[in-house]
Amino acid sequence: MEEYKNGLKNTRDILVELGLNPSQDDCIAVQHVSTIVSFRSSNLVAAGLAAILTRIKQNRHLRALRITVGVDGTVYKTHPQYPKRLHKVVRRLLPECQVRFVLSDSGSSKGAALVTAVAQRLASRKRQVDETLAPFKLSQEQLQLVKATMRAGLEAGLKNKGPSAVKMLPSYVYHTPDGTEHGKYLALDLGGTNFRAMLVKFKKGLQNNTRLYHKIYTVPLEIMQGTGEELFDHLAQYVSDFLDYMGMKKAHLPAGFTFSFPCEQTAIDTGILVSWTKGFKATDCEGHDVVNLLREAIKRRNYDLDIVAVVNDTVGTMMSCAYEDPQCEVGLIAGTGSNACYMEELKNIEKIRQKKQKTEGDEETPETSRMCINTEWGGLGDDGSLDDIITPFDAEVDHNSVNPGKQRFEKLTSGMYLGEIVREVLLDLTRGGLLFRGRVTETLKTPGIFQTKYLSQIESDRLALLQVRSILQHLGLDSTCDDSIIVKEVCGAVSRRAAELCGAGMAAVVDKIRENRGLDHLNVTVGVDGALYKLHPHFSGILQETTRVLAPQCNVTFLPSEEGSGKGAALITAVASRCSAQKERQIDKYLYSMRFSDETLLDITQRFRKELVTGLGRDSNATATLKMLPTFVRSIPDGSEKGDFIALDLGGSNFRILRVKVSHEKKQTVQMESEIYDTPEDIIHGTGTRLFDHVAECLGNFMEKHNIKDKKLPVGFTFSFPCQQTKLDEGFLITWTKRFKASGVEGMDVVQLLNKAIKKRGVSADIMAVVNDTVGTMMTCGFDDQRCEVGIIIGTGTNACYMEELRHIDLVEGDEGRMCVNTEWGAFGDDGRLEDIRTEFDREIDRGSLNPGCQLFEKMVSGMYMGELVRLILVKMAREGLLFEGRITPELLTKGKIETKHVSAIEKYARRLHKTVRRLVPDCDVRFLLSESGSGKGAAMVTAVAYRLAEQSRQIAQILSEFSLTTEQLLEVRKDAAVFVLLLCVSQYLDSDLCI
């Protein structure tokens, strides 16, 4: 009320000074007019101020604004109600803004001075910031030099003259997609902290029609930097989980493996890890085949996967984009890592070219094809060639990395390192008092805190400085708007340099392709992937512009990969499968005659059956190729055998001796001890006496070592060569096989020769049986399964035996029971009845063998010849250019260089036999039982059975002995019988007389 009265008094005084004599009502009216005018003024000022503040809020994309307004002027300062009214209206118009009004005490003059001071401070700071960032700003001359350095690195890497900073690794990808790819493929992608498993479906005849299903798995840091086995076990588990998720665990899909680290490849499905990058440090991986490591891990998980190709993510990106654009012949990764690949002329790849040289003269195959080269350009500068553009900040980042001195170009260009370079620059500027008020926080000193994604956000044109400030506050950095400007400038300088360097590298690549092809102008598409290229607001534009300026004769289109390198891995697998199918059709003409229809197999079966009957006949055996040798083994184990036995096993380059104990407690058990002895070449090619002396000496050593020298144990002798037997412990060698040529043995009883040698050595042994290894195998398995009545050997040699009805074996007396017959089927076809299925390679094998014209079936089947057969076929195909790009090495031309163990490792070769047998004899329930202990145990089993049968015969004879009468007993019985007859006659006579 007092203020109101004072206001009226002031009104009267003012009106009086104006010569007016106002009444009380006049004063009240004048006061009301003044209030309305000042109210309007404050309202209008508030409206204008609200417009400005709203603009600021919108500029900064803020929901709310907190701001201070500096105010000067007499109305605001002297009017008692004006400030209050202004503040109140502003708050009502902008309720989401917190506005503080600060009165200027010194007026605008002081402000002008402050503006000048701030301008000087900013100019000084800008000069110092510009000096710090100057090394990041590359001139055209520097970029041209980088291009030339990259070009020199590409050329050096293609040569095979020692280490090169740019590795130029062959990928063994020869073709890009042609649109005919179709089918389902699995793609596995490891290149950073995530592992991705994908199922990719390409529809036949519909290019660009692809369906993808995928899951992403995080690879923990402790796995990335743990052991290789742990890493690949994790990957195998991820794949297993994905296949379960897709319901395809049992599907045998071809798979492509994107492995985004430098690998030395010798084939499309082989990749030797050169070195880890991108923070991976798993042990026991470098120098090893990553495909094999994954296969082994998958095997440990008990499922199967057909890994057709291993590719780099860069190659995968190129292939993915080439499916969309046939002109795509270059791949670029600008993300966590940095790399490029391109289709190089095969003739320029010296490391491949040298391998292609034929051994027969200096002739080379036509060099018109291409291969994708994984440049691994991240290593450019490892030799010091980029030292002129490397800043102290780059050097610090390199020093603190897991691989100092390596991947220098990648550390200048890739997303993994750009944020760290920015952090080092910001740290330097802060220490110089140019940022964050000179306060160096623990956050700013923490490596890795400034991730590359922040560069993309900060450099966005749509991002206001206040939002930049918000990002910095999120990182624990209290910044001003000026700080935000500098941070944005630093990010721009670092990322621009990275884009320019990638552009210089790409210019070197496309110019090389143009010159390779002798073109004045090149149109080419580059497939690109990586978060840096896709998400950074300016990176792609700078990269493209730099490439255009530095390679003006190339029209380069950059095509971002939509599905990443995973789809590319699937496409490489699809292309490899397509090319493989085409090559298989060409190869098939050489292998056609080796592929048998069921009709042909049944015909061969019939020929076999006829020859089995021929061999069993007494009169026809002499001309039969299947000798059907009686073994005098009349029974398989029945489970009642027991005792302590020795088995000798002679049939190859090694000689084995076993001690076999068969015992009965709760169930029948077998304990075995064995020793293996070498059989040197000079012995198997020497005299029979030396051979059997060697066997006897080994037997003596064995018995002494096992403390059984004084025991006379039953001995079974596995002798894996064709023998004519007339009883179980007698075997006359018909002919040597398997490279054995010891003289004076053919036609002799090998048991007698061995007994003679044993006697010379003073060894106590009782040889009860001589058996073939095939018979031994049957008896070994017969111990575990009493239905086992067939034995097959498919090893160094091949043979079969089975239990034949005794009545069908004309060579042995008797009709009751069965006897095992050794077919010696390796000689099947020696009479010419297999000529229609023998190939040129079979005939070449036979001509080069020790026994031409003999054992022809064995030469088509057994391990001794299988590897050599494969080698001859490979040589033929290589000469035709169907394999190894026509390259024939001295090793490939060396007889015996490919062994059967290699064929086994390649194919993983038993289910096929099982399936074919079941198909040919569907009415037979056939079980295949692998002999784990070999034929040596079988010899012991034969001896055990013989021992059992002999014991049974003895017991039976003892029981029946009570029914056997001596001559004296028979004469006494005869005498007693005569008296009985006389009495009977008398009785009959008396009876008849009484009747009369």
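Here the structure is a predicted model, which is why all the values come from computation and not from measurement.

Remarks on helix H17 (residues 481-516)
Owing to its 3.6 residues per turn, the α-helix brings residues three or four apart onto one side.
Turning to step 1, where the next piece is worked out: The end-to-end C-alpha separation of H17 is 52 Å, in line with the 52 Å expected for 36 residues at 1.5 Å each.
Turning to step 2, where the next piece is worked out: For H17, the tally of buried residues reaches 28 of 36 residues, placing the bulk of the element in the interior.
Turning to step 3, where the next piece is worked out: Backbone nitrogen of Asp482 and a side-chain oxygen of the N-cap are separated by 3.4 Å at the start of H17; the cap is Thr480.
Turning to step 4, where the next piece is worked out: Positive backbone phi, approximately 65°, marks Gly518, located one or two places after H17.

With respect to unusual backbone geometry
Turning to step 1, where the next piece is worked out: Phi at Gln407 takes a positive value of approximately 55°, unusual for a residue other than glycine.
Turning to step 2, where the next piece is worked out: Secondary-structure assignment places Gln407 in the loop between helix H12 (392-399) and helix H13 (408-413).
Turning to step 3, where the next piece is worked out: Residue classification places Gln407 among the buried positions, given a relative accessible area of 9%.
Turning to step 4, where the next piece is worked out: For Gln855, which is not glycine, the phi dihedral falls at a positive 55°.
Turning to step 5, where the next piece is worked out: Here Gln855 lies in the loop between helix H26 (840-847) and helix H27 (856-861).
Turning to step 6, where the next piece is worked out: By relative accessible area, which is 10% here, Gln855 ends up buried.

Thoughts on the sheet that holds strand E13 (residues 370-374)
Turning to step 1, where the next piece is worked out: Spatial strand order, E3-E13-E12-E11-E14-E15: six strands in an open sheet with mixed pairing. Unpaired on one side and paired on the other, strand E3 (169-170) and strand E15 (554-560) mark the two borders of the sheet.
Turning to step 2, where the next piece is worked out: In terms of strand pairing, strand E14 (residues 522-529) meets E15 through seven bridges, oriented parallel. Opposite Val526, over in E15, you have Phe558 as the bridge partner.
Turning to step 3, where the next piece is worked out: Contacts from helix H10 (residues 313-322) reach strand E11 (328-334), strand E12 (338-345), E13, E14 and E15, with the element oriented near 130° to E11.

Comments concerning the pattern of salt bridges
Turning to step 1, where the next piece is worked out: Overall, the coordinates contain 46 salt bridges when judged by the stated rule.
Turning to step 2, where the next piece is worked out: For Asp269, the salt bridge goes to Arg295, with nearest N and O atoms at 3.7 Å. One end of the pair, Asp269, is in the loop between strand E8 (263-267) and strand E9 (270-273); the other, Arg295, is in helix H9 (residues 290-300), and 26 residues separate them in sequence.
Turning to step 3, where the next piece is worked out: Residue Arg295 is classed as partly exposed on the basis of its relative accessible area of 31%.

Section: the state of the cysteines
Throughout this description, disulfide means a covalent bond between two cysteine sulfur atoms.
Turning to step 1, where the next piece is worked out: Following the criterion strictly, the structure yields zero disulfides and no others.
Turning to step 2, where the next piece is worked out: Unpaired in this structure, Cys341 has its nearest cysteine sulfur neighbour in Cys372, at a distance of 3.8 Å.

Thoughts on the pairing of strand E5 (residues 194-202)
It is a general feature of regular strands that their side chains alternate between the two faces of the sheet.
Turning to step 1, where the next piece is worked out: Burial analysis of E5 places seven of its nine residues in the buried class, the great majority of the element.
Turning to step 2, where the next piece is worked out: Both strand E4 (residues 183-190) and E5 contribute to a ladder of eight bridges, which runs antiparallel. By the bridge assignment, Leu186 is partnered in E5 with Leu199.
Turning to step 3, where the next piece is worked out: Hairpin geometry of E4 and E5 is characterised by an intervening segment of three residues between the two adjacent antiparallel strands.
Turning to step 4, where the next piece is worked out: Note that E5 and strand E6 (residues 210-218) share nine bridges and pair antiparallel. Opposite Asn194, over in E6, you have Thr218 as the bridge partner.

Reading the values: rules and limits
- Residues numbered from 1 in each chain as written.
- Predicted model: local features only at pLDDT ≥ 70, side-chain atom pairs only at ≥ 80, totals over all residues.
- Heavy atoms only, no water.
- Helix = DSSP H or I, 4+ residues; strand = E, 2+ residues; numbered from the N terminus.
- Expected span 1.5 Å × (residues − 1).
- Buried < 20%, exposed > 50% of the residue type's maximum accessible area, 1.4 Å probe, protein only.
- Polar contact = N/O pair within 3.5 Å; in protein donor to acceptor, adjacent residues only side chain to side chain.
- Pairing = 2+ DSSP bridges.
- Contact = heavy atoms within 4.5 Å.
- Axes fitted to C-alpha atoms, helices over the stretch in contact; angles between N-to-C directions.
- Salt bridge = Lys/Arg side-chain N within 4 Å of Asp/Glu carboxyl O.
- Disulfide = S-S within 2.5 Å.

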